[in-house]
Structures are given as C-alpha cells and as structure tokens.
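So you can see what is in the structure, the chains are spelled out below.
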Amino acid sequence: MKKIISVLLAVFLLVSVLPLAVSAEEGEFKTVLINENGDYLLNENDYDAVDIDGVTGTVTLSNAGVYSQGRSAIKVMNNSDVTFVLDGYSTVMGDSSNFSCGIEVELGSKVTFEGEGTLDVTGGKYGAAIGSYGTGINIPEEQRVQVGEITINSGVINAYGGYRGAGIGAGYHVSGNLITINGGTVRAYAGEQGAGIGSGYGTSGGAIGVAAVGEYTAGTIIINGGDIYAASSKKDFTDFSSFDAINANEVPGAWGVGIGGGYGASVDLIEINGGKVVAVSGASGAAIGTGRGTSKANQYNPDAYHCNIRIGGDADVTAVTSDVTKDSDRLGGAAIGTGRGCHTGGNIEITGNAKVTAINASLSPAIGATKKVSPVDGVAIPVAESIVIGDNVQLYAVSAADYAVDKDASALSINDNYFGSSDRWFFGEDAAAIADVANVKVESTKGEQMYTAPTGAVSVWSRIKAAEEQHDEPVVPEKDDKGNLRIDVPLKMAVVFEDGTVYYGGEMKEVEVGKEYHFQMCAVNWDNGTFDDNGNGIRGTVVYTMEVVHRNEFKELAAAAKEDPERYTVKGIDIIDNVAKKIIIDIDAKDTHLETDVNNFFMAYRFHFKGQDYNKQTGIAQVVNTPLESLSVNLPLGSTITCNAYHSYEKVDSADVFIENNSGEGVYDDVYLTSVNDYTWER
C-alpha cells in the first residue's frame, strides 16, 4: 500500500504569553497571561486575549485593542482583584458566535475601573460586555451566580451587551451579583431582552431545566454618582415630544430593562444615591426595575419574584418606557417598578432631595405595577407592595393611564402637596405636554381633581430631551486617510487584487480611507507555491469588495450590522456583508488587516471514494499536478472547480464541484459545523 500523503490545512499562529504586555513585530497578535501581583500595561497593540489569573494589581488599558476569537477577550479569574486604569481610547470585543464576554469577571473576582480614558467593550454570544456569559438552558440554583463584583469609579465606559446579555452584569440564564458605580460616564446597552445594567435574559419559564420566572435575579446595583445612560437596546429613543413619539421609536429589546432584571428576572436591590441617571426601556419592561414576566402561572414563581428600588440623596433620575404597541390593551411595564406579566410592582422608595422624572407611554402607571392581570391567578390586577415618596423629592410622574403613581399600592406614603404643585408634577392621561395645559385630570389620594399648569412651566418632554442630549457618543480622533493593512491568507491560497497584485499572506498593502478595493481568492499551485494567469493555481469566481473607514464610521456600521446577524458577520475590526460580499475594515485599529483566513472566503475540501480508496487518486488541474490518494485542499467559496479522479494514475472520472460552506440548518445557519466539506466519488 502506498503511503497516504496528508495535507495540513491549519495555519498555526505563534503567540506570546507574557507577564507584561510588550511590543511585537508588526502584524503579530498576542495572548497575554498575567499571573503575578503587580502593575501592567496593555498598550497600543492589539491582542487576541488577556488572562488575569489570581492577581491583585492594576492593568492600564492605553489605546489597546483586544479582539477575541472563540472566548472572552479578557478573563479575570481565580479570586483576582484588579483595577483597570483607562487611558486613551481602548476597545475590547467578545466573540459574537461563541459564549463569551468582552471582560469576563469570574465569581469570586473583583474589577474596578478608574482613569480618564474611554473603553468600548462588547459582549459575545449570551454574554455581558462586562460581567459573565451564560448558557442556552436553565441551570440549577446553586450554579446561577456566575459573575464577580464590578465597580466603576471614573472614566468613560460604553458597554454593549452580546446576544441576550446585559451591558454590565450577567449573561443569559444566570444571575447577577454586585455592581457599584461611584462616578464616570457609563453608557450601557443590553443585548436582546436583557438589561443595560443588571442581568441578561432570565427565562420565559418555558426553557429546559428548573428555573421559573422570577428565580433568576439581577443581584444588587448601587449607583452613588456619575453620568449614566442605560437602555434595553442600542437603538435609543430619539424623540420625547409626546407619548405617540415615544411609541413611534419602535425600540427593539422590548422585554428588557434599562437598569435591573432582564426578561423573567427579579432584582434584589437597585439603590441610586446620586449622579445623573437616564434609563430607557422598550415595551413590556420597566426602565428601572424588572423586565417582562410571563402570562402563564405554571411558569412563574411569585415567592421568588421580587423588586426593590430605593432612590435618594441628590440623585437626578429619568426613567422612560414605551407602550406595547403590538398589543391592543397597551399595558406595558412601569417606568419605575416591574414589567408586564408580574404579580407585583415591588417596593419603591424615593426620598431625600432626589429629582425623579418618570414617563410611561402605556396605560400602566409611571411608578408601580403594570395593570395587566397577574399571571398567578389570571384575575387579580397587580399593585405595588409599597410606595414611599418623601416630602423633599421633586417628582415629575407622567403616564398615559388615568394616574401616574400606583394609587392602589398595598402601602402608599405620599404627601398630597404633590398633586398639582407647581414644582411637583403628578399627572396622568392628558399630560402629553404639561406646559400651558389647562384642566389636567389627576387621580390623587383626595380623589379625582383638575389642575392647570402654571404659565411658563417647563414641559416634562423638554426635561427628558435635554437629558438625552447630554449622552452623545464621544468623538474618536481619526488618523490619516491613508494607512497600511496586513493581508491574512490561509495556507495554499492567495489574494489577487484588481490591479493584478498577488498576496500570499503577511504582506502589507497601502490603502486609502473611503476607497473600495476588489479582490478574489485563489488556490495556488502546490508544486511552486504561486498563482498567476499562466497555468498556476485557480482564480475564484467571486469578486469581493474591501473598504477601509475611520473608527467613528466603523462603530456606527458595526452597531447597525449587529441588528442583522443573518447577513453580517461583525468580528473585531472587520464587518463582513455576506450578501454583498463586502468587508469593511477599521483603519484606526492598531493591527489593521484583511482577514481572509476565515470561512467566509474559502472552504477546505476532502476527497474520498465510495468504494475502496486503495490505489485511487484525486487531482485538481493547476493545483495538484500529481494526484494523491488522500487530498485535502483549500478552495475559494462560490467557485466551480473541475476535479479529477484517477486509478493507477490514469484518469477515470471528472466532476465540476461547487465550493460552498457546510453550515447547518435552522437556528445553526451561521455556525460552521466543521472546517471542511467532503466530496465522495461515486466509484
């Protein structure tokens, strides 16, 4: 028997595992291991991953980029206590196709964020941007808390939750722990049906396992200061001019919350003692509190479901939630309280010198419980367990319902002076624009009364709009309009650009921002390792387009692309449009490269025979000149390749093979089951 020749397809990437981040040759990616106490610097290089293992110390992120593949970008584990010092503009991204976080904080570990820089951090599949990732099934109670403690003291943090993860906190089907924000600027956005700050998607109660709605929790969230914007979706509200305008925003992430528990999750405690806080949710979820519950009693645990909210000190809080526009009853979640499908409005206490603006565009109160029937018995209308509003509070509560605060709460403590006072608005139904509105109906502890807003009063909508405008995204300094990018190509392949230039991997190409470049993938001739148009190698038939853009434009495009994962693949500094065959690259990244060594561009093929393989060979003209008994070869996607079968080196068959990926069916369409496809000769 002849010796079977194996062709290795994998490209092995040399990585550096170092206790300190160090410079490397241009184009080299690095994995960093930090396992000794001390102070460390991650500088202007890009990294595959960072592991912080059992360490007490500081890690400075100075214009760094960490772009993971198949795991969390940064892992903090084994009881580490780490302070991240933010310097410049850094980006950390989890892997959207794998369970991961941007910064994973293992249970038992602590992270603190300080400094004056900016951090953009994005979670991966089922993962928070900062916190934990979760699982696609419910898990036993003793395993539900997966995240350590998170503290933010200063800096600018833009946190984008991965699919079904929180922006900051827990992932899918896990509980939160402790989040403390003392200062800084924080913008936190949930993945699908999670919380901006809190927990990810909890449970609908119908998933496999043991957890009922209410049994997952966001844990404890404490805000003492800072400028915070937390939303159930990156697609923010943009128009606060009226109830109709809020509902017209059609914000996705409808069942999550701004701050608190995601869909089906409780919250142990939300305590806001200071700072300027704006929380926004879509339909069904509260802006501050809990997300949607369920309509099915057997999927709900009323004993476990709880919601405790305390707002005090000098806190300045704005909470907005929209209507359930797809449902005729228009009974959404509260602005402060619980979401639709819960049996309680929780315990809500607003005291001190707090200023609170609560807007609910649905027919439920702004503060308290939704008025959708309780899932426990399908009959009772939920009410808050208790609502306390102190005498010094400035309260601006507005709802499309008859009353803005849940007047039927089991325990209600509120001064009558709130109703119709010139500096304390407490209006329902007709208060779409409070300024200069006459004869506004108010349902108060004194009964139904009519009030007229004083001349010159500032409308609630103006207040909200002003708060929103304070949360513009920071402008990232752009580099020059020209730069160099590295061309990454898989083994035995090449990239050919429209000017005829051939790149085999590792070379640098000068590019210009905004200009489009066209290229094709090619299989090279194995005998001489080259491709040309004179009989060496095979040129793919698909023409790809590459465009390089500045960081600001890339961020906007990446955010939009993530809304359509069936069409786009967003990975680190690349956006791949799988329909248009276009790739967009961030020129401002520290390691800019055209990454064609992923399965969006090629597929490895193995050839077999249906009968006995002995003394039968396969060959591809221009690629493998001498037929092999065992052939594995990288070939360009979308191309038709003529392949030949041989017996004793004599040609016995020929076939035109269309090269395609081998993704699965249904929900796994975007998952490559293996890295190869198999072709079998019918002989």
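What you see is a predicted model; the values in this text were computed from it and never measured.

Enquirer: Residue-level account of the overall build of the chain, with values.
Expert: For the chain, the helix and strand inventory stands at three helices and 55 strands. By the burial criterion, 58% of the 683 residues in the chain qualify as buried. Within the chain, contacts between residues at least 6 apart in sequence are counted, and of these 70% link residues at least 24 apart. In the structure as shown, the chain presents an accessible area of about 26100 Å², 46% of it carried by carbon and sulfur atoms.

Enquirer: Account for the nonpolar core, with residues named and values stated.
Expert: Of all hydrophobic cores here, the largest spans 76 residues; its most connected members are I52, F84, I103, F113, I311, I336 and I367. Once residues within four sequence positions are removed from consideration, I311 is found in contact with I272, V317, I336, E349, I350, T351, A354 and V356.

Enquirer: Give me the lowdown on the sheet that holds strand β49 (residues 602-609), citing residues and values where you can.
Expert: By definition, the strands of a sheet pair up through backbone hydrogen bonds, in either a parallel or an antiparallel sense. If you walk across this open sheet you meet the three strands as β52-β49-β55, and the pairing is mixed. Every other strand in the sheet has two partners, leaving β52 (631-636) and β55 (676-681) as the edge strands with one partner each. Each adjacent strand pair in this sheet contributes to an overall mean axis angle of 30°, direction not counted. Bridging between β49 and β52 involves six bridges; their strand directions are antiparallel. Directly across from A604, in β52, lies its bridge partner N634.

Enquirer: Requested: an account of the side chain of T217, with residues and values cited.
Expert: For T217, the position within the fold is in strand β19 (residues 216-217). A distance of 3.0 Å separates the side chain of T217 from the side chain of D268, its partner in a polar contact.

Enquirer: So what's going on with the sheet that holds strand β51 (residues 624-628)? Which residues, and what values?
Expert: On the basis of which strands lie adjacent, the open sheet formed by four strands has the order β51-β50-β53-β54 and antiparallel pairing. Whereas interior strands pair on both sides, the edge strands pair on one side only; in this sheet they are β51 and β54 (650-658). Strand-to-strand twist of the sheet, defined as the mean angle between neighbouring strand axes without regard to direction, takes the value 25°. Pairing analysis gives two bridges linking strand β50 (residues 616-620) to β51, with the strands arranged antiparallel. Along β51, the bridge assignment pairs I620 with V624.

Enquirer: Give a description of the pattern of salt bridges that names residues and reports values.
Expert: Enumeration according to the criterion identifies 14 salt bridges in this entry. One salt bridge connects D533 with R539, and the closest N-O pair in it is separated by 3.1 Å. What you see here is one network of salt bridges that share partners, running through E516, E547 and K582.

Enquirer: An account of the pairing of strand β16 (residues 178-181) is needed here, citing residue identities and associated values.
Expert: In this sheet, β16 lies alongside strand β13 (residues 149-152) in parallel orientation, the contact comprising four bridges. Along β16, the bridge assignment pairs I152 with I181. Direction of pairing for β16 relative to strand β20 (residues 220-223): parallel, over a ladder of four bridges. The residue bridging T180 from the neighbouring strand is I222, located in β20.

Enquirer: Please give an account of unusual backbone geometry that cites residues and values.
Expert: One non-glycine residue, N78, lies in the positive phi region at around 55°. With respect to the helices and strands, N78 occurs in the loop between β6 (74-77) and β7 (81-87). Non-glycine residue N79 carries a positive phi angle of around 60°. Within the element layout of this structure, N79 appears in the loop between β6 and β7.

Enquirer: Let's hear about the environment of S630: which residues, and what values?
Expert: Mapped onto the secondary structure, S630 falls in the loop between β51 and β52. Accessibility expressed as a relative area gives 26% for S630, which makes it partly exposed. In this structure the C-alpha to C-alpha distance between S630 and T618, which are twelve residues apart in sequence, comes to 7.3 Å.

Enquirer: Please set out the side chain of D120 residue by residue, giving values where relevant.
Expert: Along the chain, D120 turns up in strand β11 (residues 118-122). Within the structure, the side chain of D120 is placed 2.2 Å from the side chain of K555, a separation counted as a polar contact. If we ignore the near neighbours within four places in the chain, the residues touching D120 are Y89, S90, T91, V92, N158, Y160 and K555.

Enquirer: I'd like to hear about the packing of aromatic side chains, residue by residue, with values.
Expert: One pass over the full model with this rule turns up 17 aromatic pairs. On the basis of an interplanar angle of 85° and a centroid distance of 5.5 Å, the ring pair of F497 and Y503 is categorised as edge-to-face. Y503 shares its class with F497; the two are buried. On the basis of an interplanar angle of 85° and a centroid distance of 5.3 Å, the ring pair of Y679 and W681 is categorised as edge-to-face. Accessibility expressed as a relative area gives 23% for Y679, which makes it partly exposed. Put simply, the rings of F99, Y126, Y163, Y172, Y201 and Y263 pair up and form one aromatic cluster. Just above the ring of Y216 sits the side chain of R144; from NZ or CZ to the centre is 5.0 Å.

Enquirer: Which residues make up the confidence of the model for the chain, and what values go with them?
Expert: Model confidence for the chain is summarised by a mean pLDDT of 82, while 80% of its residues fall at 70 or above. Low confidence marks residues 429-437, where pLDDT is under 50. Its contacts with residues over four positions away, or in another chain, come to 28 contacts. Per-residue pLDDT stays below 50 along residues 664-673; that stretch engages in twelve contacts with residues further than four places along the chain or on separate chains.

Enquirer: Run through the pairing of strand β22 (residues 257-261), naming residues and quoting values.
Expert: In summary, the side chains of a regular strand alternate between the two faces of the sheet. Within β22, five of the five residues are buried, which leaves it mostly tucked inside the rest of the structure. In terms of strand pairing, strand β18 (residues 195-198) meets β22 through three bridges, oriented parallel. Its bridge partner being in β22, G198 is matched across the sheet by G260. Inspection of the sheet shows β22 paired to strand β25 (residues 288-290) by three bridges, in the parallel sense. For G260, the partnering residue across the bridge sits in β25 and is G289.

Enquirer: Go over the environment of Y649, please, and point to the residues and values.
Expert: Relative to the assigned elements, Y649 resides in the loop between β53 (640-647) and β54. When the C-alpha positions of Y649 and G619 are compared, they lie 9.7 Å apart, and in sequence the two are 30 residues distant.

Enquirer: Give a description of the environment of I538 that names residues and reports values.
Expert: Note on placement: I538 falls in strand β43 (residues 538-539). With a relative accessible area of 13%, I538 lands in the buried category. Along the backbone, I538 and C522 are 16 residues apart, and their C-alpha atoms lie at a distance of 5.5 Å. The contacts of I538, once residues within four sequence positions are left out, are M521, C522, A523, F531, I620, A621, Q622, V623 and I641.

Cut-offs used in this document
For every chain, the first residue of its written sequence is number 1, and the numbers climb from 1 along that sequence. Where totals are concerned, whole chains, interfaces and linings use all residues; where local detail is concerned, this predicted model gives features only for residues with pLDDT of at least 70, and gives and counts side-chain atom pairs only at 80 or more. In computing side-chain properties, one takes all heavy atoms of the structure into account and sets aside hydrogens as well as water. Secondary structure counts use DSSP, requiring at least four H or I residues in a row for a helix and at least two E residues in a row for a strand, with both numbered from the N terminus. We call a residue buried when its accessible area falls under 20% of the maximum for its residue type, exposed when it is over 50%, and partly exposed in between, using a 1.4 Å probe and counting protein chains only. Here, two residues are considered to be in contact whenever any of their heavy atoms come within 4.5 Å of each other. The method behind every accessible area is Shrake-Rupley, applied with a 1.4 Å probe, and residues are considered shielded solely by the protein chains displayed. What is meant by a nonpolar core is a set of buried Ala, Val, Leu, Ile, Met, Phe, Trp, Tyr and Cys residues, joined one to another through side-chain atoms within 4.5 Å. If DSSP finds at least two bridges between two strands, the strands pair. Helix axes are fitted only over the stretch in contact, all axes being lines through C-alpha atoms; the angle between N-to-C directions runs from 0 to 180 degrees. For the purposes of these results, a polar contact is taken to be a pair of N or O atoms within 3.5 Å, where, inside protein, one atom must be able to donate a hydrogen and its partner to accept one; residues adjacent in sequence count only when each atom of the pair is a side-chain atom. A carboxyl oxygen of Asp or Glu within 4 Å of a side-chain nitrogen of Lys or Arg is what we treat as a salt bridge. Here is the rule: rings of Phe, Tyr and Trp (six-membered ring for Trp) pair when centre to centre is within 6.5 Å. Planes less than 30 degrees apart are stacked, more than 60 are edge-to-face, and the remainder are tilted. When the NZ atom of lysine or the CZ atom of arginine is within 6 Å of a ring's centre and also within 35 degrees of its normal, the charge is said to sit over that ring. Summary of the metric used: pLDDT quantifies the predictor's per-residue confidence within the range 0 to 100.

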